[in-house]
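Working through the structure, step by step
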Amino acid sequence: MINTKNGRPNVLWVTSDQQRYDTVHAHGCEVINTPNLDKLAREGVSFMNAYTQCPICTPSRASFMTGRYPASHHVHRNGNDHFPPTEKIISRILKDNGYFTGIIGKHHLSRSEERIELIPEDGYMYSALGDCWPIGRDYDDWLKEEKGIEDPLKLYPDLLQSSPRDYGPGLPLENQQATWWAERAIQFIERDHDSPWFLNLNAVDPHPPFFPPKEFLDKYDPAKMPLPLYRESDVARQEGFWEIDQQWKKIYDVRHYDPAEDIDQSAFALEDRNLFDFPPDVYNARMIRACYYAMIEMIDDRLGMVLNALERTGQIDNTVVIFTSDHGEMLGDHGMLYKGCRFFEGLVHVPLIIRWPAEISPDTRSKALVELVDIMPTLLEATGVKVPENVQGKSLLSLLSGKTDLNYHKDYVVSEFNGALAGMPFQSHGSMVFDGRYKTCVYHDAGKVEIFDLEKDPGEFVSLWDAPDSESEKLRLIHRHLNAIMGTSDAGIERTGMY
């Protein structure tokens, strides 16, 4: 048996990339197969209303790793030159308080294009990285040394060249990044630790391109996949955004399902693609969903291997296990794919499951509004570490332990998009406040406001901003919106005098 010291729990924090909230079988998605996430949900607490602080990777990750909002840590963009040296992420704090810390997968707190990220004093004592840069990736070394692949950097270009779309059958399971991170995580767990440990395990899926292993994709019949949320009115309602939002410059016909129409090889030469920035002009919505679900089942399958290692080594009951995602995926809803400056549920609402048998009741679902910034202070409190004064998230520990109302945590949640994506002719700026019923979305560059009543309109099709008889309610909600957004900026440097 591998022991930990001082009675302090280990922490396994698993974060998928771009996984929307409605993708766990136990939470009501009957089409998908997620037995290990279902088991986590049965043995822990599922937060059914968890929201990201930004629907883009780096700002979201900076927020949940620091417990602070983008307005305070100032990491608003993907591709930031560096991470602010004044910001302390949780791994550094835990290392300073006696934890052995590790990271596997992607870091993505600053620019990772053509270089290894520059993260000063991140506190990680072990790292196995596998994100975007062409050198120094442990994943590539693993492919070469353990899988016999001569040039790993050719794998995805070759795959894209052979596919008419940026979705379809992908690498075999044995070569997928999910298998790599699972093996590295098991090696970490099986080490002879003489102190409690913290492992930050960051999957790179189900981020596009959507290329799951064929054996998982074969489980999902595209013809049986549900269609996205879409109405003809989606075309007209988005027209006012096009001139400032090139991410979604068109509304696509997501209703068709005809494979013959989806195979125009000549129109999709590899050199014409701009992966990760722009969706394809034409796509098969049902096939994309099948690929997306297959990737999530692959993550679930590999996560099962990691959880089995915890059980095998006798550490499962003394380990806080968290599963979440940095943000969601539009998946064809309202005619959109991928992510950008929008705040629809598919994009900002994420899964969050916490398992800790020593402290929390199993098979529990919470309706409380929670945010990803709340994870960091929760873990610090659970590990007996003082939460820094500048942390803005609110610990979930009292709620998890039953000391406070399971179904209440905050009055509202906040998300924002502040020029987060590169390569756009115009940089979009938007903010969202959601109180569990009313969601206000302000698109500052476009001069547009949308208000949705999710109790009556869960698909977010009808904006109350355009309703002539809702003036007083609009005024109340916009006033609340302004107060909430202002509240995400901290007071700054500690005050030590009167003047």
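Above: the structure in question.
Residues numbered from 1 in each chain as written. Predicted model: local features only at pLDDT ≥ 70, side-chain atom pairs only at ≥ 80, totals over all residues. Heavy atoms only, no water.

Regarding the overall build of the protein chain
When you go through the protein chain residue by residue, the secondary structure sums to 14 helices and 13 strands. Burial statistics for the protein chain: of 499 residues in total, 61% are counted as buried. Long-range contacts, defined here as pairs at least 24 residues apart, represent 75% of the contacts in the protein chain between residues at least 6 apart. Surface accessibility of the protein chain: about 20,300 Å² in total, with carbon and sulfur atoms responsible for 50%. (Helix = DSSP H or I, 4+ residues; strand = E, 2+ residues; numbered from the N terminus. Buried < 20%, exposed > 50% of the residue type's maximum accessible area, 1.4 Å probe, protein only. Contact = heavy atoms within 4.5 Å. Areas by Shrake-Rupley, 256 points an atom, 1.4 Å probe, with all protein chains shown as cover.)

Let's talk about the nonpolar core
Proteins that are soluble and globular tend to have nonpolar side chains buried together. Ranked by internal contacts, the top residues of the largest apolar core, which has 62 residues, are Leu12, Ile104 and Trp181. Here this core takes 17 residues from helix H10 (residues 285-312), the largest share from any one element. Not counting residues within four places of it along the chain, the set of residues in contact with Trp181 comprises Ile104, Leu201, Ala203, Ile299, Arg302, Leu303 and Val306. Counting 41 residues, the second-largest nonpolar core is a separate cluster that includes Phe64, Tyr99, Ile354 and Leu379. (Core = buried A, V, L, I, M, F, W, Y, C linked by side-chain atoms within 4.5 Å.)

Overview of empty space enclosed by the protein
Space left empty within the atom packing is revealed by a probe, the size of a water molecule, rolled over the atoms. A full pass over the atoms with the stated rule returns four cavities of 30 Å³ or more. For the second largest cavity, the calculated volume is near 40 Å³. Lining the second largest cavity are Val320, Ile322, Ile354, Trp356, Thr378, Leu379, Ala382, Leu397 and Leu400. Listing elements by their share of the lining of the second largest cavity, those giving two or more residues are strand S6 (319-325), helix H12 (375-382) and helix H13 (397-400). Among the elements that take part in the lining of the second largest cavity, H12 stands out by supplying three residues, more than any other. (1 Å grid on protein atoms, 1.4 Å probe; cavity = no way out; pocket = protein on both sides within 12 Å on 5 of 7 lines; lining within 4 Å. Points joined across faces, edges and corners; volume = space filled by probe spheres on them.)

Some remarks on the side chain of Ser63
By secondary structure assignment, the location of Ser63 is in helix H2 (residues 57-66). A residue is classified by how much of its surface remains accessible, and Ser63, at 0% relative accessible area, is buried. Excluding residues within four positions of it along the chain, Ser63 makes contact with Gln53, Arg68, Tyr69, Pro70, His73 and Val373.

Side note on the pattern of salt bridges
This model, assessed by the stated rule, comprises 27 salt bridges. We note a salt bridge from Glu43 to Lys39, for which the minimum N-O separation is 2.8 Å. Of this pair, Glu43 and Lys39 both sit in helix H1 (residues 35-43), four residues apart, roughly one helical turn. Residue class for Glu43 comes out partly exposed when judged on its relative accessible area of 25%. Relative accessible area serves as the criterion here: at 30%, Lys39 is assigned to the partly exposed category. As a salt-bridge pair, Asp301 and Arg302 come within 2.5 Å of each other at their nearest N and O atoms. Counted as one network, the salt bridges with shared partners bring together Lys39, Glu43, Glu311, Asp317 and Arg355. (Salt bridge = Lys/Arg side-chain N within 4 Å of Asp/Glu carboxyl O.)

Details of the sheet that holds strand S11 (residues 429-434)
Read from one edge to the other, the open sheet built from four strands follows the order S10-S11-S12-S13, with strand pairing classed as antiparallel. One side of each edge strand has no neighbouring strand; the edge strands of this open sheet are strand S10 (413-418) and strand S13 (448-453). The sheet shows a mean angle of 10 degrees between the axes of neighbouring strands, direction not considered. Relative to strand S12 (residues 438-443), S11 is paired through five bridges, and the arrangement is antiparallel. Across the sheet, the residue bridging to Met432 is Cys441, located in S12. (Pairing = 2+ DSSP bridges. Axes fitted to C-alpha atoms, helices over the stretch in contact; angles between N-to-C directions.)

Here's the deal with the pairing of S6
Most of S6 sits inside the fold, with seven of its seven residues counted as buried. Neither face of S6 is exposed, since Thr319, Val321, Phe323 and Ser325 on one face and Val320, Ile322 and Thr324 on the opposite face are all buried. When strand S1 (residues 10-16) meets S6, the two strands line up parallel, connected through seven bridges. Residue pairing in the sheet places Trp13 in a bridge with Ile322 of S6. Relative to strand S8 (residues 352-355), S6 runs antiparallel, the two being bridged by four bridges. Its bridge partner lying in S8, Phe323 is registered against Ile353.

Some words on the layout of surface pockets
A volume near 400 Å³ is recorded for the second largest pocket. Around the second largest pocket, the lining comprises 15 residues; the ones closest to its centre are Asn390, Asp490, Gly492, Ile493 and Glu494. Residues belonging to the lining of the second largest pocket are distributed by class as follows: three nonpolar, six polar and six charged. (Nonpolar A, V, L, I, M, F, W, Y, C, P; charged D, E, K, R; others polar.)

A closer look at the side chain of Thr101
Here Thr101 is to be found in strand S3 (residues 100-105). Owing to a relative accessible area of 0%, Thr101 belongs among the buried residues under this scheme. Sequence-distant contacts of Thr101, defined by excluding residues within four places in its chain, comprise Ser91, Leu94, Lys95, Gly123, Tyr124, Met125, Tyr126 and Phe198.

Some remarks on the packing of aromatic side chains
For the structure shown, the criterion picks out 13 aromatic pairs. Between the aromatic rings of Tyr292 and Tyr293, the centroid separation amounts to 6.5 Å while the plane-to-plane angle is 40 degrees, which identifies the pairing as tilted. Assigned by exposure class, Tyr292 and Tyr293 land together as buried. These aromatic residues form a ring-pair network of at least three members: Phe210, Tyr220, Tyr292, Tyr293 and Tyr338. The aromatic ring of Phe434 is capped on one face by Lys439, whose charged end is 5.5 Å from the ring centroid. (Phe/Tyr/Trp six-rings, centres within 6.5 Å; stacked < 30°, edge-to-face > 60°. Lys NZ or Arg CZ within 6 Å of the ring centre and 35° of its normal.)

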